[in-house]
Amino acid sequence: MEAGKITEFIDNLTIQDEMVRYKGNLYYFYGIRFDEERHLYYTSVDKFRNNINEFEREIYRYESTDMSDCLDHLLEDKYWDGKCFYEVEKFMKWVDC
C-alpha cells in the first residue's frame, strides 16, 4: 500500500473509517461498527469517482456477530474484481478522509 503501512491501515479499520485510491477511484472503508439494536458488527466499502462527493455505489457489505469475523471477511472476500484486499492492496494509495 502506497502512503502507509498495511498493518496500520488494517488496525485502523477496527476503530475508524479509512479511504484509498485504486484504479482512479476513491474507496471509502467504513470501519468495523456495532449495531446495538441488532447486536451485530458490520462493515462496508463505498466506491466514489474522482472525489468523496461523487458517490457511485456500495461495493461491499458484511455483518457478523463477531468483530474478528467481520474484519476477516472484509480483507479476504473477493469483491475486488474477483480478488481479495490482500491481492490488490499493493496497488492502492491510502489517502486522508
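As a reminder, the structure under discussion sits directly above these lines.
This report concerns the structure included in the present document. Bear in mind the structure is a predicted one, so any value in this text is a computation, not a measurement.

## Looking at the side chain of Asp17
No. 1: Inspection of the secondary structure assignment puts Asp17 in the loop between helix H1 (6–13) and strand S1 (18–22).
No. 2: There is a polar contact of 2.9 Å between the side chain of Asp17 and the backbone nitrogen of Gly31.
No. 3: In terms of polar contacts, Asp17 uses its side chain to reach the side chain of Arg33, at 2.7 Å.

## Here we look at H1
No. 1: By the burial criterion, the buried members of H1 are Phe9, Ile10, Asn12 and Leu13. Around the axis of H1, the buried residues are gathered within 160° of arc, so they sit on the same side. Along H1, the residues that are exposed and aim more than 90 degrees away from the buried face are Thr7 and Asp11.
No. 2: Residues of H1 that are buried sit in contact with S1, strand S2 (25–35), helix H2 (67–76), helix H3 (85–88) and strand S5 (93–95).

## Here's the deal with the packing of aromatic side chains
No. 1: The final tally for this structure, using the stated rule, is 14 aromatic pairs.
No. 2: An angle of 70° between the planes, with centres 4.9 Å apart, marks the rings of Tyr27 and Trp80 as edge-to-face. Here the residue Tyr27 occupies a position in strand S2, and Trp80 occupies one in the loop between H2 and H3, the gap between them amounting to 53 residues.
No. 3: Judged by relative accessible area, Trp80 falls into the buried class, the value being 3%.

## A look at the nonpolar core
No. 1: The biggest cluster of nonpolar side chains holds 23 residues, and the ones touching the most others in it are Phe29, Val45, Leu74, Trp80 and Phe85.
No. 2: Elements with a contribution of two residues or more to this core: H1, S1, S2, strand S4 (55–64), H2 and H3.
No. 3: Among the elements that line this core, the one with the most residues is H2, at four residues.
No. 4: Apart from the residues lying within four places of it in its own chain, the contact partners of Phe85 are Met1, Ile6, Phe9, Ile10, Phe29, Leu74, Leu75, Asp77, Trp80 and Met92.

## Comments concerning the pairing of S1
No. 1: Across the five residues that make up S1, a large majority, four, are buried.
No. 2: When S1 meets S2, the two strands line up antiparallel, connected through five bridges. Across the sheet, the residue bridging to Met19 is Tyr28, located in S2.
No. 3: Connecting S1 to the antiparallel partner S2 that follows it, the hairpin turn spans two residues, and Lys23 within it adopts a positive phi of roughly 50°.
No. 4: Judged from the three bridges that link them, S1 and S5 form a sheet pairing that is antiparallel. Across the sheet, Met19 pairs through a bridge with Val95, a residue of S5.

## Some words on H2
No. 1: Along H2, the positions that sit buried rather than exposed are Cys70, Leu71, Leu74 and Leu75. Buried residues of H2, seen end-on, are gathered within an arc of 125° and therefore sit on one face of the element.
No. 2: For H2, the N-terminal capping position is held by Asp66, with its side-chain oxygen 3.2 Å away from the main-chain nitrogen of Ser68.

Quick notes on the rules
- Residues numbered from 1 in each chain as written.
- Predicted model: local features only at pLDDT ≥ 70, side-chain atom pairs only at ≥ 80, totals over all residues.
- Heavy atoms only, no water.
- Helix = DSSP H or I, 4+ residues; strand = E, 2+ residues; numbered from the N terminus.
- Polar contact = N/O pair within 3.5 Å; in protein donor to acceptor, adjacent residues only side chain to side chain.
- Buried < 20%, exposed > 50% of the residue type's maximum accessible area, 1.4 Å probe, protein only.
- Arc of directions from axis to C-beta.
- Contact = heavy atoms within 4.5 Å.
- Phe/Tyr/Trp six-rings, centres within 6.5 Å; stacked < 30°, edge-to-face > 60°.
- Core = buried A, V, L, I, M, F, W, Y, C linked by side-chain atoms within 4.5 Å.
- Pairing = 2+ DSSP bridges.

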